[in-house]
Amino acid sequence: MTKKIETVVTKQRKTFKDYVHLTITEGHQVYILNVIKGRLYPDKKTMNPTYQPYPAKQEAVDRLNALADELRAKGFVEEPTGVLFQIKEKELYVFDKAKWHYEGDFPQELDVFQAYVPTGMFVAWVIKNDLSSKRSRKRDLPDIELVKRDEMTGAQFFRKNWDGVLTSNELSDEADAFARDYLNIHNDIYTATDFAEILAAGLSTIYHVEDTIENYRIIEPVISERYRVWKRDKQI
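Keep in mind that this is a model prediction, so the values were computed, not measured.

How each quantity is defined
- Residues numbered from 1 in each chain as written.
- Predicted model: local features only at pLDDT ≥ 70, side-chain atom pairs only at ≥ 80, totals over all residues.
- Heavy atoms only, no water.
- Helix = DSSP H or I, 4+ residues; strand = E, 2+ residues; numbered from the N terminus.
- Rg over C-alpha atoms; globule rule 2.2 N^0.38 Å.
- Areas by Shrake-Rupley, 256 points an atom, 1.4 Å probe, with all protein chains shown as cover.
- Lys, Arg positive; Asp, Glu negative; His and termini not counted.
- Charge placed at Lys NZ, Arg CZ, Asp CG, Glu CD.
- 1 Å grid on protein atoms, 1.4 Å probe; cavity = no way out; pocket = protein on both sides within 12 Å on 5 of 7 lines; lining within 4 Å.
- Points joined across faces, edges and corners; volume = space filled by probe spheres on them.
- Nonpolar A, V, L, I, M, F, W, Y, C, P; charged D, E, K, R; others polar.
- Domains from an automatic or database assignment.
- Contact = heavy atoms within 4.5 Å.
- Buried area = accessible area lost by both parts, 1.4 Å probe.
- Salt bridge = Lys/Arg side-chain N within 4 Å of Asp/Glu carboxyl O.
- Polar contact = N/O pair within 3.5 Å; in protein donor to acceptor, adjacent residues only side chain to side chain.
- Buried < 20%, exposed > 50% of the residue type's maximum accessible area, 1.4 Å probe, protein only.

(A) Quick peek at the overall build of the protein. Counting secondary structure elements, the protein contains 9 helices and 7 strands. Taken over the C-alpha trace, the protein has a radius of gyration of 19 Å; the compact-globule value for 236 residues is 18 Å, and the two agree within 12%. Of the roughly 12200 Å² that the protein leaves accessible, carbon and sulfur atoms contribute 49%. Between the averaged position of the 35 positive side-chain charges in the protein and that of its 38 negative side-chain charges there is a distance of 8 Å.

As structure tokens, this is what we get:
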């Protein structure tokens, strides 16, 4: 059987299609199998992604093909990837969950809190730039002020206030649009490139980066420049 690095399979239901999108992306010294499940309705698409890290590309490819075969055995059929982009996405978008990390291939010697650090620093940037949603600014105001004063880190806020889950509901419309490009699960520029190459360079994993204000100040101008270029390109 020909090896693939991306497969979409669907199963027709009465008013929608179940789909599973399997694709492999390369991160910092790791290959990530993205398993995105959801439903395709006539006017919207839902999605619930999970990640499975592998140290070798072939392991990820083998797992992708095994999952695809299991789904075909359950009545799913393969379709072109274009089927996923014929309808608009559902409003809610899940960018990251801390448990995807600490329940995955997470270093056993580290405290589980370290799983909150990479996305937590992006959360701090969102807060400091007043790009969280109106709902969050109202609900989380006391701790938002602590983050702005560097009395609470973004990771601490991410765990306490958002339960380690970053979705479009926590972001302003503009930040949501930016994050869909910058934190896109198919091409994760933030974690796989900026965070990994700048803060995690020389470390065993991205989870070994210390949750400090000093480290945040290193990554902050990098995110801001990405945002500036994104706004320029989008003419915002």
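(B) Looking closely at empty space enclosed by the protein. Summed over the entire model, instances satisfying the criterion amount to 1 cavity of 30 Å³ or more. Roughly 60 Å³ of internal volume is contained in the largest cavity. In this structure, the largest cavity is lined by 14 residues; those nearest its centre are A124, T153, G154, I213 and Y216. Elements with a minimum of two residues in the lining of the largest cavity: α3 (117–128), α6 (154–162) and α9 (213–234). Split into classes, the residues belonging to the lining of the largest cavity amount to 7 nonpolar, 4 polar and 3 charged.

(C) Summary view of the domain arrangement of the protein. Along its sequence, the protein is carved into domain 1 (5–84) and domain 2 (94–234). Of note, the centres of domain 1 and domain 2, computed from C-alpha atoms alone, are 25 Å apart. Counting from both sides, the interface comprises 15 residues of domain 1 and, opposite them, 12 residues of domain 2. Summed over both sides, the interface between domain 1 and domain 2 buries roughly 1100 Å², with carbon and sulfur atoms accounting for 62% of that surface. Its largest share of buried area at the contact with domain 2, domain 1 owes to H28, P49 and Y51, together 49% of the area lost on that side. Counting across the domain 1 and domain 2 interface gives 0 salt bridges. The tally of links from domain 1 across to domain 2 stands at 0 residue pairs in polar contact (both at pLDDT 80 or more). Taken together, the elements giving at least two residues each to the side of domain 1 that touches domain 2 come down to β2 (17–26), β3 (31–40) and β4 (48–54). At 5 residues, β4 tops the list of elements feeding residues into the side of domain 1 that touches domain 2. In terms of residue class, the side of domain 1 that touches domain 2 is built from 5 nonpolar, 9 polar and 1 charged.

(D) Region of the structure containing the side chain of T23. With respect to the helices and strands, T23 occurs in strand β2. Taking relative accessible area as the criterion, T23 reaches 7% and is therefore assigned buried. Here T23 is in contact with I5, E6, I32, L33, N34, L64 and H186, once residues within four sequence places are set aside.

(E) Layout of the pattern of salt bridges. Within the structure shown, the criterion is met by 19 salt bridges. Between K148 and D130 there is a salt bridge, with the nearest N and O atoms lying 2.4 Å from each other. A residue pair is termed long-range when its members are at least 10 positions apart, and K148 in helix α5 (residues 141–148) and D130 in the loop between α3 and α4 (134–139) qualify at 18 residues. Judged by its relative accessible area of 45%, D130 falls in the partly exposed class. Its salt-bridge partner being R226, residue D194 comes within 2.8 Å of it at the nearest N-O pair. Residue D194 is found in helix α8 (residues 189–199), and its partner R226 is found in helix α9; the two are separated by 32 residues along the sequence. By relative accessible area, D194 is classed as buried at 5%.

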